[in-house]
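Commentary on secondary and tertiary structure
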Amino acid sequence: MAITIGLEAEYLLLGSRIEQLHGLVGTHGITEEFYRFMVEVTTDPWNDPSQTVAELQQRVKFLQEHATLSPFACYRNSDPVVSFQDVTKDTPYYRWVYDVACRRVGKNPMDLHYVGIHINAADASLGEDQYIKATNWLRSWSWIFVLLTANSPWRQGKASGVFSRRMLQYPNRYDVPLWEGGREFREWMCGEERARRVYKGRARCWMSVCPRVVGNDLDKPFERIEVRTLDGGLGVTPAIIEGCCQLVVRLLENTPRFFLPPHRSDLETNDKLVAAVGRYARVTMG
């Protein structure tokens, strides 16, 4: 298998906002995120996860010459009071995220300020149905990425009693089927677009692990799988990030030909139990 790994790592800015980064956005893999007090650093895809993480380290180091980044996935002290004025883009999609998507799953838009790390894994040798089987397989293991990267334990400057506040409060969707194959995924996604449960033309929903198609076009082939359950912040060390990338590769290399994942409801239970109690959680696997 020729698996490539790319990273998107989000950080909270301390004492500055994205517009104060003096033209850095768009260089060195630095991009703006949803809120003006967040920033994202992206890498190219590499065959060796150690190269991916090395590139991330280099770009984060450059960013730190110009901005102070939080070690945590959420602010340690008081949460910011947010309005749409804090959103980086006034676009129909960002309006939908702020006004519709969060509240549809019972969340406040403020919960979007938790930052995370997304691992993007691609393998050109996989067929459509194989991509879907691999996505289901990774979804069933997403709890281990929560465990390894839990980095949002604070609330109002005190320990909140949980390990990943981000996983517990971020508006992840779990009302998503374990698809049988690529055709079923496309049919389901089209139905979600018609019902306005996902934004038309984005070809994805907020979930722990997402199959992604080229250009967000459902008529195009699958290009990668996005693992989205990792907390962000500087406290998630390069060694941990690389370990998680290596684990994604190993899981993809060992996707069972026939696999019965846990019941769909177990996916959310496993992720959130680990987020709440860490290594003391009891998870259910198929």
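Structure: above.
Attention in this report is confined to the structure presented alongside it. (Residues numbered from 1 in each chain as written. Predicted model: local features only at pLDDT ≥ 70, side-chain atom pairs only at ≥ 80, totals over all residues. Heavy atoms only, no water.)

Most of strand β9 (residues 222–231) sits inside the fold, with eight of its ten residues counted as buried. When strand β8 (residues 209–213) meets β9, the two strands line up antiparallel, connected through five bridges. For V213, the partnering residue across the bridge sits in β9 and is F222. (Buried < 20%, exposed > 50% of the residue type's maximum accessible area, 1.4 Å probe, protein only. Helix = DSSP H or I, 4+ residues; strand = E, 2+ residues; numbered from the N terminus. Pairing = 2+ DSSP bridges.)

Time to look at the packing of helix α3 (residues 128–140) against helix α6 (residues 182–194). Where α3 contacts α6, the axes come no closer than 7 Å and their chain directions differ by 75°. Looking at the two axes, α3 sits roughly perpendicular to α6. Only G182, R183, F185 and R186 of α6 make contact with α3, whose side of the interface consists of E128, D129 and I132. Of the residues in the contact of α3 with α6, the class split is two nonpolar, one polar and four charged. (Axes fitted to C-alpha atoms, helices over the stretch in contact; angles between N-to-C directions. Parallel < 35°, antiparallel > 145°, perpendicular 65-115°, else oblique. Contact = heavy atoms within 4.5 Å. Nonpolar A, V, L, I, M, F, W, Y, C, P; charged D, E, K, R; others polar.)

Looking now at the packing of aromatic side chains. Summed over all chains, the structure comprises 17 aromatic pairs. Aromatic pair Y35 and F37: ring centres 5.1 Å apart, planes at 25°, arrangement stacked. Accessibility expressed as a relative area gives 0% for Y35, which makes it buried. Between W179 and F185, the aromatic rings sit 4.9 Å apart at their centres with planes inclined by 85°, giving edge-to-face as the arrangement. Given the relative accessible area of 2%, W179 is considered buried. Every member of this aromatic cluster is reached through a ring pair, and the members are F34, Y35, F37, Y75, Y93, Y94, W96 and Y199. (Phe/Tyr/Trp six-rings, centres within 6.5 Å; stacked < 30°, edge-to-face > 60°.)

Turning our attention to the nonpolar core. Counting 63 residues, the largest nonpolar core has V39 and I119 as its most contacted members. For this core, the element with the most residues is helix α7 (residues 238–253), which contributes seven residues. Ignoring anything within four residues of it in the chain, the contact list for V39 reads A9, E10, Y11, L13, I18, L21, I30, T31, E33, L63 and L69. L12, V82, A101 and C102 belong to the second-largest nonpolar core, a separate cluster that totals 21 residues. (Core = buried A, V, L, I, M, F, W, Y, C linked by side-chain atoms within 4.5 Å.)

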